Amino acid sequence: MAVDWSERGYHAQRWAARGALAAAALAVATPLVYGGLRGLLLLASGVAGLGLSAAAVWWTLTLRGPLRWVSALVAVCVPAGLLALFAVTLFWALLVSLALWGLAVWSGRYALRGTGGGQAHVRERRLPPPRKPVLIMNPRSGGGKVGRFRLREKAERLGARVVLLGPGGQHDVTELARAAVADGADLLGAAGGDGTQALVAAVAAEHDIPFLVISAGTRNHFALDLGLDRGNPAACLDALTDGVELRVDLGFAGDQPFVNNASFGAYAAIVQSPAYRDDKIGTSLEMLPDLLTGQQGPRLVARAGDTTLTAPQAVLVSNNPYRTGDPFGLGRRERLDSAVLGVLGVRLEGAVGAAGLLLHPDPSGLTVLTAPEVLIEADVDRIEAGVDGEAMVLPAPVRCRIAPGALRVRVPRRRPGVAPAPPRLDWRRLRKLAATVGRTAAPSRRHRPLHSASSGTGPPAGPREGTRPGGPRSGDQ
């Protein structure tokens, strides 16, 4: 007799949801039962201590002189003291509670896996190798990765022409890329940080030719979200002979392209300082008090769709939204082709707002949404910005927009890929799943999930073929 594996799968998901709810309840109850009234008082002290620590961090960033160092001491000592107190008073109960929380998280994610519509995919195209590729390389990026990995020599052996940026840092990368296209280049590539990548990518998109990313910068967020090997930039060159092409989005802040993000507000103002490069911490501590309290810097207004954010301390606009439901995946993007910008705005009103940011499940000081266009206005004529890590001053207002599918990216057919984000723990969905009986637990394939701004994901992009932007999973290699 045939076995209904789908029914077995839904049955396992239901019991996993029940197990997650039971484990979470026991994780809360264990220290309370073990410690009695003392455990309840400790739990209340822990919540209050977290709020005090968040407020102390705010005071550390906004005060100067002795009060700053006292606040810093409080921010460090209060969590350490609470941790020691919990360990001494509820040692075994605390260990059991942590283990139960781990079980609850694992079971909950297992239960929700496959109930949210699945992973988005982007089509890969197999195309013949380029005939006249041109690669622009910055030998100073990433502490000299171009020389350390012998990227120039390897690229030239594969038939590419390499343009090395000379010393001094005064280079018009855009003009170099346009000159290469005028000379007949049918592929442009860049070895450097995200700022260099964005400039060359914009020229490639303008002329509708493929773009090759070589992860020779310091962090290379764009390469990471494409699923490339950041530890071995030379592996990116495999795309010249055994590559596939992806269509991804490109962001613009005014006329400035960005592949990662554009920031406005406190951070953007700090990176403008000439002293920042030599003393990042000292410069930040010196400037933050005035920037966070509104005594220095322009008064910004960010408009995204129907949402208006007034006087934020910082606004981050990203080329596709960042993950928000996975603490270990912050700074990562699940997709690069959702055709929307990610918007993260922070507006804190004193120490109470800072405490609410940590304790409140939906803090009012944090705005997370998506939009195809964001308008950044100010009470000055020019706005300081950080565009893919590069300090810039842009004419106000700054219109940030996304160009859907504007960039053809050529990547190696075999690459590490992007690890899929685990399902976000939704206790309400878990309760519904745990209460279902029989096939009613099965997700309907005829309905797709609605777009949710709070989840940080874009609208459904329609059926797609092939694999994710990150490529095949490592298990498929």
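Refer to the structure presented above.
Peer 1: I tried to follow the environment of Leu103 on my own but got confused; where do I start?
Peer 2: Tracing the sequence through the fold places Leu103 in helix 3 (residues 91-112). Owing to a relative accessible area of 43%, Leu103 belongs among the partly exposed residues under this scheme. Distance from Leu103 to Ala23, taken between C-alpha atoms, is 6.6 Å for residues 80 residues apart in sequence.

Peer 1: Would you explain empty space enclosed by the protein in this entry?
Peer 2: Over the atoms rolls a probe the size of a water molecule, and its path tells where empty space is left. For the structure on display, the rule yields one cavity of 30 Å³ or more. Considered as a void within the structure, the largest cavity measures approximately 60 Å³ in volume. What lines the largest cavity is Ala302, Arg303, Ala304, Thr307, Leu309, Val315, Val343, Thr367, Leu369 and Val374. Counting residues per element, the ones that place at least two in the lining of the largest cavity are strand 9 (300-304), strand 10 (307-310) and strand 13 (366-371). Classifying every residue of the lining of the largest cavity gives seven nonpolar, two polar and one charged.

Peer 1: Explain the sheet that holds strand 16 (residues 390-395) here, please?
Peer 2: Paired through backbone hydrogen bonds, the strands of a sheet run either parallel or antiparallel to each other. Taken in spatial order, the six strands line up as 13-12-11-8-15-16 in an open sheet, and their pairing is antiparallel. For this open sheet the edge positions go to strand 13 and strand 16, each flanked by a neighbour on one side alone. Adjacent strand axes in the sheet meet at a mean angle of 25°, parallel and antiparallel pairs treated alike. In this structure, strand 8 (residues 261-265) lies alongside strand 15 (residues 382-387), joined through three bridges in antiparallel fashion. Counterpart to Ala262 in the pairing with strand 15 is Val387.

Peer 1: Looking at this model, I keep getting lost on the pattern of salt bridges. Mind explaining?
Peer 2: Any two side chains of opposite charge can pair, so long as their charged atoms come close to each other. Inspection of every chain in the model, using the stated rule, returns 20 salt bridges. As a salt-bridge pair, Arg126 and Asp242 come within 3.9 Å of each other at their nearest N and O atoms. Linking Arg126 in strand 1 (residues 125-126) with Asp242 in the loop between helix 8 (221-225) and strand 6 (243-253), this pair joins segments that are 116 residues apart in sequence. Since its relative accessible area comes to 57%, Arg126 is described here as exposed. Here Glu377 ties to Arg303 by a salt bridge, and the two come within 3.0 Å at their closest N and O atoms.

Peer 1: Looking at this structure, I do not really get the packing of helix 6 (residues 173-182) against helix 7 (residues 194-207). What am I missing?
Peer 2: The description of two helices packed together rests on the angle between their axes and the distance between the axes. Interaxial distance between helix 6 and helix 7 falls to 9 Å at its minimum, and their mutual angle equals 35°. Once helix 6 is placed against helix 7, the crossing between them reads as right-handed. Across the interface between the two elements, Val173, Thr174, Ala177, Arg178 and Val181 of helix 6 pack against Thr196, Leu199, Val200, Val203, Glu206 and His207 of helix 7. Among the residues forming the contact of helix 6 with helix 7, the class breakdown is six nonpolar, three polar and two charged.

Peer 1: Teacher, can you tell me more about the side chain of Thr367 here?
Peer 2: Along the chain, Thr367 falls in strand 13. The residues touching Thr367, leaving out its near neighbours within four places in the chain, are Thr307, Leu309, Val343, Leu344 and Gly345.

Peer 1: Sorry if this is basic, but what is going on with the pairing of strand 16 here?
Peer 2: Side-chain positions along a regular strand alternate between the two faces of the sheet. Pairing between strand 15 and strand 16: six bridges, direction antiparallel. The partner of Ala385 across the bridge, within strand 16, is Met392.

Peer 1: How do you make sense of the nonpolar core when you look at a structure like this?
Peer 2: Most often, soluble globular proteins keep nonpolar side chains buried together rather than apart. Judged by nonpolar contacts, the single largest core of 52 residues is most densely connected at Leu135, Leu188 and Phe222. No other element matches the seven residues that helix 7 contributes to this core. The next biggest cluster of nonpolar side chains, apart from the first, holds 23 residues, and it includes Phe258, Phe264, Leu309 and Ile402.

Peer 1: What should I look at first to understand helix 2 (residues 66-89) in this one?
Peer 2: In an α-helix, one turn spans 3.6 residues, which is why side chains three or four residues apart end up on the same side. Compared with an ideal rise of 1.5 Å per residue, which puts 24 residues at 34 Å, helix 2 spans 34 Å between its outermost C-alpha atoms and is within 8% of the ideal. Listing the buried residues of helix 2 in full gives Arg68, Ser71, Ala75, Leu82, Phe86 and Thr89.

Peer 1: Is there a simple way to explain unusual backbone geometry in this structure?
Peer 2: Following Ala396, the chain continues into Pro397 via a peptide bond in cis, with omega recorded as -10°. Mapped onto the fold, Pro397 is located in the loop between strand 16 and strand 17 (398-412). Positioned with a positive phi, Asn320 is a non-glycine residue whose angle comes to about 80°. Relative to the helices and strands, Asn320 is located in the loop between strand 11 (314-319) and strand 12 (341-346).

Peer 1: I'm lost on a nonpolar patch on the surface in this one. Help?
Peer 2: Residues Tyr34, Phe91, Trp92, Leu95 and Leu98 make up a contiguous nonpolar surface patch of about 590 Å² in total accessible area. At four residues, helix 3 tops the list of elements feeding residues into the nonpolar patch. Mapped onto the elements of the fold, Phe91 is located in helix 3. A relative accessible area of 41% means that Phe91 is categorised as partly exposed.

Peer 1: Please clarify how helix 3 should be interpreted in this entry.
Peer 2: Taking 1.5 Å as the rise per residue, helix 3 with 22 residues should run 32 Å; its terminal C-alpha atoms sit 32 Å apart, in good agreement. Taken together, the buried positions of helix 3 are occupied by Ala93, Ser97, Leu100, Ala104, Ser107, Gly108, Arg109, Ala111 and Leu112.

Peer 1: Whenever I open this one, the environment of His360 confuses me. Can you help?
Peer 2: Structurally, His360 is set in the loop between helix 11 (350-359) and strand 13. For the pair His360 and Gly51, spaced 309 residues apart in sequence, the C-alpha to C-alpha distance is 9.9 Å.

What counts as what
Numbering of residues starts from 1 in every chain and runs along the sequence as written. For this predicted model, a pLDDT threshold of at least 70 governs which residues receive local features, and a threshold of 80 or more governs which side-chain atom pairs are given and counted, while totals over whole chains, interfaces and linings are taken from all residues. Side-chain measures here rest on the full set of heavy atoms in the structure, leaving out hydrogens and waters. Labels follow the DSSP assignment, with helices taken as runs of H or I lasting at least four residues and strands as runs of E lasting at least two, numbered in each case from the N terminus. Think of it in three bands: with a 1.4 Å probe and only protein chains considered, a residue is buried below 20% of the maximum accessible area for its type, exposed above 50%, and partly exposed in between. Lining residues are those with an atom within 4 Å of a point, where the points come from a 1 Å grid over the protein atoms alone and group into cavities, where a 1.4 Å probe fits but cannot get out, or pockets, open sets with protein on both sides within 12 Å along at least five of seven lines. Grid points are joined across faces, edges and corners, and a volume is the space filled by probe spheres set on the points. Residue polarity follows a fixed list, in which Ala, Val, Leu, Ile, Met, Phe, Trp, Tyr, Cys and Pro are nonpolar, Asp, Glu, Lys and Arg are charged, and the others, Gly among them, are polar. Pairing between strands is defined by DSSP: at least two bridges between them are needed. Between N-to-C directions, angles span 0 to 180 degrees; the directions come from axes that are lines fitted to C-alpha atoms, helices contributing only their stretch in contact. Think of a salt bridge as a Lys or Arg side-chain nitrogen and an Asp or Glu carboxyl oxygen that are within 4 Å of each other. Note on convention: near helix rotated counterclockwise from far helix by under a right angle means a left-handed crossing. Clockwise means right-handed. Contacts: residue pairs with any heavy atoms within 4.5 Å of one another. To define a nonpolar core, start from buried Ala, Val, Leu, Ile, Met, Phe, Trp, Tyr and Cys residues and group those joined through side-chain atoms within 4.5 Å. For a helix, the expected span equals 1.5 Å multiplied by the number of residues minus one. The patch calculation keeps residues exceeding 30% relative accessible area without a salt bridge and links them within 9 Å when they carry like charges or within 5 Å when they are nonpolar (Val, Leu, Ile, Met, Phe, Trp, Tyr). To measure how exposed things are, a 1.4 Å probe is used in the Shrake-Rupley method; for residues, cover is taken only from the protein chains shown.

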